[in-house]
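Here are the chains, one letter per residue:
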Amino acid sequence: GCFCFLQRLMTPAKVPVFYPSQHGLHAPNAEYDNGVLVQYGDVPARIEQIKAALMALPFIEVESCATPLSMAELEQVHSPEMLNYLRVMSEKSKEEGNGYYYPSVFPGYFARGFGVNESRVLGGMFAFDVHAPIGGGTLTAVLQSAASAISASQVVLAGKTTVAYA
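Please read all numbers here as calculations on a predicted model, not as lab measurements. (Residues numbered from 1 in each chain as written. Predicted model: local features only at pLDDT ≥ 70, side-chain atom pairs only at ≥ 80, totals over all residues. Heavy atoms only, no water.)

Concerning helix 4 (residues 80-96)
The criterion, for reference: Runs of E in the DSSP output that reach at least two residues are strands. Runs of H or I that reach at least four are helices, and both are numbered from the N terminus. Helix span, expected: 1.5 Å multiplied by one less than the number of residues in the helix. Residue burial is assigned from relative accessible area. The probe radius is 1.4 Å, only protein chains are included, and a residue is buried under 20% of its type maximum, exposed over 50%, and partly exposed in between. By the convention used here, residues are in contact when the closest approach between their heavy atoms is within 4.5 Å.
Compared with an ideal rise of 1.5 Å per residue, which puts 17 residues at 24 Å, helix 4 spans 24 Å between its outermost C-alpha atoms and is within 8% of the ideal. Of the residues making up helix 4, those classed as buried are Met 82, Leu 83, Tyr 85, Leu 86, Val 88, Met 89, Ser 90 and Ser 93. Where helix 4 is buried, its residues touch helix 3 (71-74), strand 5 (100-101), strand 6 (134-135) and helix 5 (138-157). Downstream of helix 4 by a residue or two, Gly 97 has a phi angle that is positive, lying close to 60°.

Quick look at the packing of aromatic side chains
Quick reminder of the rule: Ring geometry is summarised as follows: Phe, Tyr and Trp rings, the Trp one being its six-membered ring, pair when their centres sit within 6.5 Å, and such pairs are stacked at plane angles under 30 degrees, edge-to-face over 60 and tilted between the two. Think of it as a cone above the ring: NZ of Lys or CZ of Arg counts as a charge over the ring if it is within 6 Å of the ring centre and within 35 degrees of the ring normal.
Evaluated as defined, the whole model comprises 0 aromatic pairs. Its guanidinium or amino end placed over the ring of Tyr 19, Lys 51 lies 4.0 Å from that ring's centre, counting from NZ or CZ.

A few points about the pattern of salt bridges
For clarity, the threshold we go by: For salt bridges, the criterion is a side-chain nitrogen of Lys or Arg within 4 Å of an Asp or Glu carboxyl oxygen.
Following the criterion strictly, the structure yields 2 salt bridges and no others. As a salt-bridge pair, Arg 46 and Asp 42 come within 2.7 Å of each other at their nearest N and O atoms. Given a relative accessible area of 39%, Asp 42 falls into the partly exposed group. Close ionic contact of Arg 87 with Glu 91 constitutes a salt bridge, the shortest N to O distance being 3.2 Å. With a gap of 4 residues between them, Arg 87 and Glu 91 both fall in helix 4, about one helical turn apart.

Considerations on the packing of helix 4 against helix 5
The angle between the axes and the distance between the axes are what describe a pair of packed helices. Condition: Between N-to-C directions, angles cover 0 to 180 degrees, with each direction set by a line fitted to C-alpha atoms, over the stretch in contact for helices. These descriptions rest on fixed angle ranges, namely under 35 degrees for roughly parallel, over 145 for roughly antiparallel, 65 to 115 for roughly perpendicular, and the rest for oblique. All amino acids are sorted into three groups, where Ala, Val, Leu, Ile, Met, Phe, Trp, Tyr, Cys and Pro are nonpolar, Asp, Glu, Lys and Arg are charged, and the leftover types, Gly among them, are polar.
Orientation of helix 4 relative to helix 5, taken along the N-to-C sense of each, is 140°, at an axis distance of 8 Å. When the axes of helix 4 and helix 5 are compared, the pair comes out oblique. Residues Leu 86, Arg 87 and Ser 90 of helix 4 lie in contact with helix 5, whose contacting residues are Thr 138, Leu 139 and Val 142. Taken together, the residues that form the contact of helix 4 with helix 5 break down as 3 nonpolar, 2 polar and 1 charged.

Considerations on the confidence of the model for the protein
What counts, and what does not: Values of pLDDT, ranging from 0 to 100, describe the predictor's confidence in every residue of the model.
In this model, the protein carries a mean pLDDT of 80, and residues with pLDDT of at least 70 account for 79%. Per-element confidence in the protein is highest for strand 1 (residues 15-18), whose mean pLDDT is 94, and lowest for helix 1 (residues 2-10), whose mean pLDDT is 46. Across residues 2-11, where pLDDT falls below 50, the model places 0 contacts with residues more than four positions away in sequence or in other chains. Overall, residues 116-120 carries pLDDT values under 50, and its contacts beyond four positions in sequence, including any with other chains, amount to 7 contacts.

Description of the layout of surface pockets
Rules: Only protein atoms enter the 1 Å grid used here, on which a cavity is any set of points holding a 1.4 Å probe that cannot leave and a pocket is any open set flanked by protein within 12 Å on both sides along at least five of seven lines; residues with an atom within 4 Å of a point are listed as lining. Grid points are joined across faces, edges and corners, and a volume is the space filled by probe spheres set on the points.
What the largest pocket holds in volume is close to 1,100 Å³. Lining of the largest pocket is provided by 44 residues; of these, Ala 141, Val 142, Leu 143, Ser 145 and Ala 146 occupy positions nearest its centre. For the lining of the largest pocket, the secondary-structure elements that each account for two or more residues are strand 1, helix 2 (44-55), helix 3, helix 4 and helix 5. The element contributing the most residues to the lining of the largest pocket is helix 5, with 7 residues.

A closer look at the environment of Tyr 40
With respect to the secondary-structure elements, Tyr 40 resides in the loop between strand 3 (36-39) and helix 2. By relative accessible area, which is 9% here, Tyr 40 ends up buried. Tyr 40 has contacts with His 26, Pro 28, Asn 29, Ala 30, Glu 31, His 131 and Pro 133, leaving out every residue within four places of it along the chain.

The structure is reproduced here in structure tokens:
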């Protein structure tokens, strides 16, 4: 009895880690920092290093992401206009083979009310700085990352664990 209780205290339960396997689809080479083109800091290798470090721990269990989120689920957090913006910019990047679109102008709050297709300054819509390039795989990568976060929260809310990581 007592030994089993102590063993349970000393042996952590498995911690689910939700890993977005398509995160590498968003992999810009560079970003602008104070007007200078520098190496992009948030590279896919960083996520792989985090995953490898976590997997080395005996109490980590890597989980797959939930099914892709519906537009209705996404619109509970983000505006339909912003989601459409990400879709349009990702598609434009694929079609034009431009690599990544970097925001260089920011049309401001009022311009966001106009439809994405009417805007002539797409690159700066919904952007707060120039550190957020959008490429052909960006939409897929961010949607899977969102699904990872939702998956982690769902297992906690369902009482399956008290901690999860996405």
